[in-house]
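# Report on the structure
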Amino acid sequence: MAGTRGLVIAVDGPASSGKSTTARLVAQRLGYMHVDTGAMYRAVALKMLRDGIELTDNDRVMKLLRSTEVSQIEKDSQARILLDGEDVTDEIRSPEVSLWVGPVSEDYRVREHLVEWQRRLGRQGGVVLDGRDIGTVVFPDADLKIFMKADVRTRAKRRRKEMMGRGIVQTLEEVESAIETRDTRDSSREHSPLRKADDAIELDTTHLTIGDQVQRVLELAKKILATPLTE
Ligand code: DC
């Protein structure tokens, strides 16, 4: 896929493995677009919660998917998520949305729609997408695939710190247990379960700083960009 245009970089991994932050910073450094696909699932889940739409109500689910617009902008060096033009960046990280996004992201109609949006955004290249199924389903031909992981205690500490920054206080045990539940759910679901693509490069971030993670991914990307094309 690489050529004169930019690369498609897929960053997958479990909850709180550092995917989104790494993907955003790598995109910034390369002058690429960053697509946080988890935020897209969260925005759809938030809209369903607000509108009181059940997954069993096929007509309303389809109508919502067809009429919803989720986009991402950069403001003060932070990624902001817009749902039909409204900034919902903080709301999509609430415990309610975190609970509800599980069943929503398991729904094949939702997945089909969001995968289509993601492909449209990434088609031109010059993009870093992070999620669970980017290297396996959304862009199986991505130029570079990274699978990030970290031990559950480390991820729980990161997540708790991030939540406290938003005024949400939970014990480390509570956060860890919620992450374990999501890990199981993400890996065992029927549609597009979380798994490492065979050709993905594994990056264990347990003992890495954000700067290290970004550096590793940039080195891999630059190596690909420096490789001459063979016809
Ligand atoms: O990365 P996150 O925690 O913001 O993701 C929110 C939820 O969306 C999580 O339960 C997994 C799901 N998700 C998914 O199924 N596929 C993706 N590409 C991204 C996220």
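This report concerns the structure included in the present document. (Residues numbered from 1 in each chain as written. Predicted model: local features only at pLDDT ≥ 70, side-chain atom pairs only at ≥ 80, totals over all residues. Heavy atoms only, no water.)

Time to look at the packing of helix α3 (residues 58-67) against helix α5 (residues 108-122). Orientation of α3 relative to α5, taken along the N-to-C sense of each, is 10 degrees, at an axis distance of 10 Å. Between α3 and α5, the crossing angle belongs to the class labelled roughly parallel. Contacts between α3 and α5 involve Asn58, Val61, Met62, Leu65 and Arg66 from the former and Arg109, Val110, His113, Leu114 and Trp117 from the latter. In terms of residue class, the contact of α3 with α5 is built from six nonpolar, two polar and two charged. (Axes fitted to C-alpha atoms, helices over the stretch in contact; angles between N-to-C directions. Helix = DSSP H or I, 4+ residues; strand = E, 2+ residues; numbered from the N terminus. Parallel < 35°, antiparallel > 145°, perpendicular 65-115°, else oblique. Contact = heavy atoms within 4.5 Å. Nonpolar A, V, L, I, M, F, W, Y, C, P; charged D, E, K, R; others polar.)

The biggest cluster of nonpolar side chains holds 35 residues, and the ones touching the most others in it are Val44, Met48 and Leu114. When residues in this core are grouped by element, the largest group, eight residues, is from helix α2 (residues 37-51). Beyond its immediate chain neighbours, meaning those up to four positions away, Met48 contacts Ile53, Glu54, Leu55, Val61, Leu64, Trp100 and Val104. Membership of the second largest hydrophobic core comes to 18 residues, among which are Ile9, Val26, Leu144 and Ile146. (Core = buried A, V, L, I, M, F, W, Y, C linked by side-chain atoms within 4.5 Å. Buried < 20%, exposed > 50% of the residue type's maximum accessible area, 1.4 Å probe, protein only.)

In terms of backbone geometry, most residues other than glycine have negative phi values and most peptide bonds are trans. Its identity as a non-glycine residue notwithstanding, Asp84 has a phi of 50 degrees, on the positive side. Its place among the elements puts Asp84 in the loop between β4 (78-83) and β5 (86-87). Since its relative accessible area comes to 40%, Asp84 is described here as partly exposed. Backbone geometry places Ser192, a non-glycine residue, at a positive phi of 45 degrees. Inspection of the secondary structure puts Ser192 in the loop between α8 (172-188) and β8 (201-204). Accessibility expressed as a relative area gives 18% for Ser192, which makes it buried.

A separate point is the site of the ligand. Close contacts around the ligand come from 15 residues, with Arg42, Arg111, Asp133, Arg182 and Arg189 the closest. Arg42 places a side-chain nitrogen or oxygen 2.8 Å from an oxygen atom of the ligand. For the ligand, the protein covers 96% of the area, taking 450 Å² as the surface of the free molecule. Those elements that place two or more of their residues in the shell around the ligand are α2, α4 (95-106) and α8. Per-element accounting of the shell around the ligand gives the leading share, four residues, to α2. (Near = heavy atom within 4 Å. Polar contact = N/O pair within 3.5 Å; in protein donor to acceptor, adjacent residues only side chain to side chain. Areas by Shrake-Rupley, 256 points an atom, 1.4 Å probe, with all protein chains shown as cover.)

Attention shifts here to the sheet that holds strand β2 (residues 33-36). Read across the open sheet, the five strands follow the order β2-β6-β1-β7-β8; overall the sheet is parallel. Strand pairing shows two members of the sheet lacking a second neighbour, β2 and β8, which therefore form its edges. Adjacent strand axes in the sheet meet at a mean angle of 20 degrees when their direction is disregarded. As paired strands, strand β1 (residues 8-12) and strand β6 (residues 127-131) are joined by five bridges and run parallel to one another. (Pairing = 2+ DSSP bridges.)

Relative to the assigned elements, Thr227 resides in the segment after α9 (210-226). Its relative accessible area of 48% is what places Thr227 among the partly exposed residues. Within the local environment of Thr227, its side chain forms a polar contact with the backbone oxygen of Lys223, the two atoms lying 2.7 Å apart.

With that out of the way, let us pick up the sheet that holds strand β3 (residues 70-75). Strand pairing within a sheet occurs via backbone hydrogen bonds; the two strands may be parallel or antiparallel. The antiparallel open sheet is built from three strands, whose spatial order is β3-β4-β5. In this open sheet, the two edge strands, each paired with only one partner strand, are β3 and β5. On top of the sheet, α2 reaches β3, β4 and β5; it is set at about 40 degrees to β4, its chief contact.

Okay, the pattern of salt bridges next. Under the criterion given, the structure shown has 18 salt bridges. A salt bridge links Glu86 to Arg50, with the shortest nitrogen-to-oxygen separation between them at 3.0 Å. Separated by 36 residues along the polypeptide, Glu86 in strand β5 and Arg50 in helix α2 bring together distant segments of the chain. For Arg50, a relative accessible area of 39% puts it in the partly exposed group. Through salt bridges with shared partners, one network takes in Arg50, Glu86 and Glu91. (Salt bridge = Lys/Arg side-chain N within 4 Å of Asp/Glu carboxyl O.)

Our focus in this paragraph is the packing of helix α1 (residues 19-30) against α9. With their axes 9 Å apart at the nearest point, α1 and α9 run at an angle of 50 degrees to one another. Taken together, the axes of α1 and α9 lie oblique to each other. Remark: the crossing between α1 and α9 carries right-handed chirality. Here α1 contributes Thr21, Thr22, Leu25, Val26, Arg29 and Leu30 to the contact with α9, which in turn contributes Ile210, Gln213, Val214, Gln215, Val217, Leu218 and Ala221. Split into classes, the residues belonging to the contact of α1 with α9 amount to eight nonpolar, four polar and one charged. (Left-handed = near helix turned anticlockwise from the far one by under 90°.)

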